[in-house]
Every structure is written in C-alpha cells, then in structure tokens.
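Secondary and tertiary structure notes
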Amino acid sequence: MDVSHFRGVRLVWLSLLLLLSANGLVHAQPVDITAPVIELEELAEGVADRTQVFTAQVAEDNALDSVTLYYRREGQLPFTPAPMEALGDTGYYSVSIPTDFTDLRTIEYYVQAIDATGNRTVSGFAFDPYQRTLAASGTPISTSQNTPAEPSQENRIPLLKRRWVQVTLGVLAVGVVASLVSDDGDDSEVVPLTFSLQ
C-alpha cells in the first residue's frame, strides 16, 4: 500500500468529522472531573455490645458508583471494606458493624466515595484513620450524671479546623480563582484545581 493512500483516507475522515461537527451532529461530552464530597458524621465513642452505625452524607454532581467504609480493630493490619447503603434519596449512606462486648479495641475507619467516572474522595486515611473508642456495656460513655457535661467534641474543635468550614472555604476559593480567570477569546485550557482537606 502507498503512503498517499493512508493520507487520503485520513483526509476523508477528517472532512467527515468537520462536516458533522459543523452541522451540530457531533457534540463534545463534558468530562466529569469533580470528585464526590463526603461529610462524615463522626461519633467518637460507642458501647461494645451494640451494633456500631457509621453514617456519611455524600454529594455528587452526577452519579455515584460506590460509598465504602473501611474499618479495622486497633492492632489489626488490613482494613475490611463494608459497602454503605443509600438511605433513600437523602444523600446519606450508612452501614452497621457488629461488635462483641468482650472486645473493647478501638475501631479505626475511613470512608471512600467513587463516582461513575472514577473520581474518588476519601474522608480519613488508612495511615491516619478516624477512631471510635468502645466502652463496656453498662459503663457511661463520656460523663456520669453527677458531673457537668463536657462540651461536645464539635465545640472543642477550633472553627477553622471543622470540616464544614474547610469545605466552604475551599468552594469560595475555587469561586475566586474562577472569577479571576478571564476569557479573552484565545483557546485556553482548563486545568483542574484540587483542594485536599485534612
């Protein structure tokens, strides 16, 4: 075969593609580069003989593929995956993990959400997981009735270290960056911007 024959075939395909594009028959599909957002309901303590419930709110602009809790007991090496189930159309996902009253080891965990295009978000990490300590049944979890209640963990965390404040500031920062970018008619390339909250 001649090289000029391949060039001719290539020109025919390019011409056809340009013709279809000019007639509006070929549309570029938007690429989903936005990962899901996870807001974890963190419960720091539980009772060992009760089922431990883990709940997270997950927001996604398209479709979610999966939401998974990875957990282990303190001292174990591998994390065990537990698929989280959607609670209707609320955006909340939940899973229950059974515990034994004789095992008071802390539960270490993190949550991962993956959307339909493969974008992934993790809340907590395998190397720095969230922790839920377990108390024996019949033992008060955090305070006795004779002492005044301590402020909740949420109130002890400084404002700028709270996840909802960090997510809000991240969204505002993206908005500011987007408003500063000007469209001067040149072909510009969109570069995704990712913020990691820890």
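Read on for a plain summary of the structure.

Cut-offs and rules
Residues numbered from 1 in each chain as written. Predicted model: local features only at pLDDT ≥ 70, side-chain atom pairs only at ≥ 80, totals over all residues. Heavy atoms only, no water. Helix = DSSP H or I, 4+ residues; strand = E, 2+ residues; numbered from the N terminus. Buried < 20%, exposed > 50% of the residue type's maximum accessible area, 1.4 Å probe, protein only. Contact = heavy atoms within 4.5 Å. Areas by Shrake-Rupley, 256 points an atom, 1.4 Å probe, with all protein chains shown as cover. Salt bridge = Lys/Arg side-chain N within 4 Å of Asp/Glu carboxyl O. Pairing = 2+ DSSP bridges. Phe/Tyr/Trp six-rings, centres within 6.5 Å; stacked < 30°, edge-to-face > 60°.

Here we take up the overall build of the protein chain. Summing up its helical and strand segments, the protein chain has 3 helices and 10 strands in all. Starting at the N terminus and walking to the C terminus, you meet the elements of the protein chain as α-β-β-β-β-β-β-β-β-β-β-α-α. Within the protein chain, buried positions represent 26% of all 198 residues. In the protein chain, 67% of the contacts between residues at least 6 apart in sequence involve partners at least 24 apart. Accessible surface for the protein chain amounts to roughly 14,200 Å². Of this, 57% is attributable to carbon and sulfur atoms.

Moving on to the pattern of salt bridges. By the definition in use, this model includes 3 salt bridges. Residue arginine 72 is joined to glutamate 108 by a salt bridge in which the shortest nitrogen-to-oxygen separation is 2.7 Å. On the criterion of sequence distance, the pair formed by arginine 72 in strand β4 (residues 64-73) and glutamate 108 in strand β8 (residues 107-115) is long-range, its members being 36 residues apart. Salt-bridge contacts for aspartate 103 lead to arginine 73; the nearest nitrogen and oxygen are separated by 3.6 Å. Linking aspartate 103 in the loop between β7 (92-97) and β8 with arginine 73 in strand β4, this pair joins segments that are 30 residues apart in sequence. Comparing aspartate 103 with arginine 73, the two get one shared label, buried. It is possible to trace a salt-bridge network through shared partners that takes in Arg73, Asp103 and Arg105.

The next subject is the pairing of strand β3 (residues 52-59). Along any regular strand, the residues point their side chains to alternate faces of the sheet. Direction of pairing for strand β1 (residues 37-41) relative to β3: antiparallel, over a ladder of 5 bridges. Paired with leucine 40 across the strands is alanine 56, a residue of β3. Relative to β7, β3 runs antiparallel, the two sharing 6 bridges. Bridge pairing in β7 places valine 53 opposite serine 96.

With that out of the way, let us pick up the pairing of strand β5 (residues 80-83). Direction of pairing for β4 relative to β5: antiparallel, over a ladder of 4 bridges. The residue of β5 that forms the bridge with tyrosine 70 is proline 81. Hairpin connection between β4 and β5: a loop of 6 residues separates the two successive antiparallel strands, and glycine 75 in this loop has a positive phi of roughly 100°.

The sheet built from 4 strands is open, its strands ordered β1-β3-β7-β6 with antiparallel pairing. Strand pairing shows two members of the sheet lacking a second neighbour, β1 and β6 (85-86), which therefore form its edges. Pairing geometry for β6 and β7, over 2 bridges, is antiparallel. Note that in β7 the partner of glutamate 85 across the bridge is serine 94.

Moving on to the packing of aromatic side chains. In the structure shown here, the tally under the stated rule is 5 aromatic pairs. Their ring planes at 65° and their centres at 4.8 Å tell us that phenylalanine 54 and tyrosine 109 sit as a pair that is edge-to-face. Taken together, the residues phenylalanine 54 in strand β3 and tyrosine 109 in strand β8 connect sequence positions 55 residues apart. The exposure class of tyrosine 109 is buried, given its relative accessible area of 1%.

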